[in-house]
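# Architecture at a glance
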Amino acid sequence: MNEKTEKLYEYNFEEYLDNAEAIEIFLQDAFETNDSGYIENSIGVVTKSKGMADIARKTGLSREQLYKSLSQKGNPTLKTFLSVLSSVGFEITPQRRME
């Protein structure tokens, strides 16, 4: 049996997150998964697209701490999470779930 294989390429989301609307859509998609690791990683991608050094300066956190906290296996504190979101121009607003 001869199987055809397809090459997969990594997609660099960072270069396409160049405006507030693109970032908003990207984050909304991440939050819809309800997967904390995926959300944290997505916020890390947004942070990298905005410049990790700049975000570190704005939040008062080190770049290393941001990289570690916002990785797929990271576990940022709520304070870190909110600081990073705020520094890229976003906030979390609670909404009641429609059942």
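Anything mentioned here points back to the structure above.
Residues numbered from 1 in each chain as written. Predicted model: local features only at pLDDT ≥ 70, side-chain atom pairs only at ≥ 80, totals over all residues. Heavy atoms only, no water.

## As for the pattern of salt bridges
As enumerated under the stated definition, the model contains 2 salt bridges in all. A salt bridge links Asp-54 to Arg-57, with the nearest nitrogen and oxygen atoms 2.4 Å apart. Taken together, the residues span about one helical turn, with Asp-54 and Arg-57 both in helix α3 (residues 52-59) at a distance of 3 residues. Since its relative accessible area comes to 26%, Asp-54 is described here as partly exposed. By sharing partners, the salt bridges in this structure join Asp-54, Arg-57 and Lys-58 into a single network. (Salt bridge = Lys/Arg side-chain N within 4 Å of Asp/Glu carboxyl O. Helix = DSSP H or I, 4+ residues; strand = E, 2+ residues; numbered from the N terminus. Buried < 20%, exposed > 50% of the residue type's maximum accessible area, 1.4 Å probe, protein only.)

## A few points about helix α2 (residues 36-50)
Relative to the 21 Å expected for 15 residues at 1.5 Å per residue, α2 spans 21 Å between its end C-alpha atoms, a close match to the ideal helical length. Along its buried surface, α2 packs onto α1 (20-32), α3, α4 (63-69) and α5 (78-87). Two residues or fewer after α2 comes Gly-51, characterised by a positive phi angle close to 105 degrees. (Expected span 1.5 Å × (residues − 1). Contact = heavy atoms within 4.5 Å.)

Interpretation note: all reported values are geometric properties and have no functional meaning in isolation.
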